[in-house]
Amino acid sequence: CGIYDDILDLKWVYKFVFQAIVAITILVDLSLVSSNISLLGIDLGSKLGPFILFIFIVGTINSINLMDGLDGLVSGYSLQKVLILVGLSIMNGDYFINILLISLLGSILGFLRYNSNPASIFLGDTGSLALGFFLVYTTLRITKTLFVDLSSFDLTFAVIFLSLPILDTLKVMYFRMFWEKSPFLPDKTH
């Protein structure tokens, strides 16, 4: 999806369909399709909870993509989050996630050298959507196994941990609408 969008400019509807498929795949993989989901101690239930989690997954992937306006911003942010997730996954003992995160860490470090100001290469949608997916998936998987509660899946850690791009996107969209501009056009106000 990201490669296609970088080369041929994919419409937002097709990106959303792709991201919806990815979100449903994450929900199925983590067995959260019919789970009780809670957020900040509030039980969202088994109907509303997965829907909120679906919105969180798609929204976070998009917010990380939208943050990609400044040199090194998304790759630097992702590097910080991946370092924390590596520590949590080592504590957790999930070897698949350990290998995935360490590989991602090496990729980001190698890329960041050329993506820092002044950048000579850029993430584009290919990189920012991929980083968004990996950050969301690994955070949710670590949350599920590290903060175990058999009665429900608590989304609080994931929301707080990945709140910066979401809050940034909401702030930027608010000010764009306040200045009577389209909230979906790219700019450098992040």
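Data block above holds the structure.
Quick look at the structure, then. (Residues numbered from 1 in each chain as written. Predicted model: local features only at pLDDT ≥ 70, side-chain atom pairs only at ≥ 80, totals over all residues. Heavy atoms only, no water.)

**Re the overall build of the protein**
Phase 1: Scanning the protein from terminus to terminus reveals 8 helices and 3 strands.
Phase 2: Its C-alpha atoms give the protein a radius of gyration of 17 Å, within 12% of the compact-globule value 16 Å for 190 residues.
Phase 3: In terms of its C-alpha atoms, the protein occupies a principal-axis envelope of roughly 45 × 40 × 25 Å.
Phase 4: Per-residue burial for the protein yields a buried fraction of 44% across its 190 residues. (Helix = DSSP H or I, 4+ residues; strand = E, 2+ residues; numbered from the N terminus. Rg over C-alpha atoms; globule rule 2.2 N^0.38 Å. Buried < 20%, exposed > 50% of the residue type's maximum accessible area, 1.4 Å probe, protein only.)

**Describing the pattern of salt bridges**
Phase 1: In this structure the tally under the stated criterion is 3 salt bridges.
Phase 2: Linking D5 and K15 is a salt bridge whose minimum nitrogen-to-oxygen distance equals 3.1 Å. With D5 in helix α1 (residues 2–8) and K15 in helix α2 (residues 12–29), this pair connects stretches of sequence that are 10 residues apart. Taken as a pair, D5 and K15 share a single burial class, namely buried.
Phase 3: Salt bridges sharing partners connect three or more residues here, namely D5, K15 and D125. (Salt bridge = Lys/Arg side-chain N within 4 Å of Asp/Glu carboxyl O.)

**Focus: the sheet that holds strand β3 (residues 153–154)**
Phase 1: Taken in spatial order, the 3 strands make up an open sheet running β2-β1-β3, and their pairing is mixed. A single partner strand is all that each edge strand has here, and the edge strands are β2 (42–44) and β3.
Phase 2: When strand β1 (residues 37–39) meets β2, the two strands line up antiparallel, connected through 2 bridges. Paired with L39 across the bridge in β2 is I42.
Phase 3: Packed on one face of the sheet, helix α3 (residues 45–66) meets β1, β2 and β3 and runs near 90° to β2. (Pairing = 2+ DSSP bridges. Contact = heavy atoms within 4.5 Å. Axes fitted to C-alpha atoms, helices over the stretch in contact; angles between N-to-C directions.)

**Structural notes on the environment of D94**
Phase 1: Within the element layout of this structure, D94 appears in the loop between α4 (73–92) and α5 (95–115).
Phase 2: Here the alpha-carbon distance between D94 and F111, two residues 17 residues apart in the chain, equals 26 Å.
Phase 3: With residues up to four places along the chain from it excluded, the contact list for D94 reads S89 and R141.

**So, the environment of S38**
Phase 1: The residue S38 is located in strand β1 in this model.
Phase 2: Look at S38 and you get buried, because its relative accessible area is 9%.
Phase 3: Setting aside its immediate chain neighbours within four residues, S38 contacts D43, L44, S152, F153, D154, L155 and T156.
Phase 4: A polar contact is formed between the side chain of S38 and the side chain of D154, at a distance of 3.5 Å. (Polar contact = N/O pair within 3.5 Å; in protein donor to acceptor, adjacent residues only side chain to side chain.)

**Things to note about α2**
Phase 1: Along its 18 residues, α2 runs 25 Å from first to last C-alpha, staying within 8% of the 26 Å computed at 1.5 Å per residue.
Phase 2: The complete set of buried residues in α2 reads K15, Q19, A20, V22, A23, I26 and L27. Each buried residue of α2 lies within a common arc of 170° when the element is viewed along its axis, so the set occupies one face. The exposed residues of α2 that point more than 90 degrees off its buried face are Y14, I21 and V28.
Phase 3: Tucked inside the fold, the buried residues of α2 contact α1, α3 and α6 (124–146).
Phase 4: Positive backbone phi, at 55°, marks S31, one or two positions downstream of α2. (Expected span 1.5 Å × (residues − 1). Arc of directions from axis to C-beta.)

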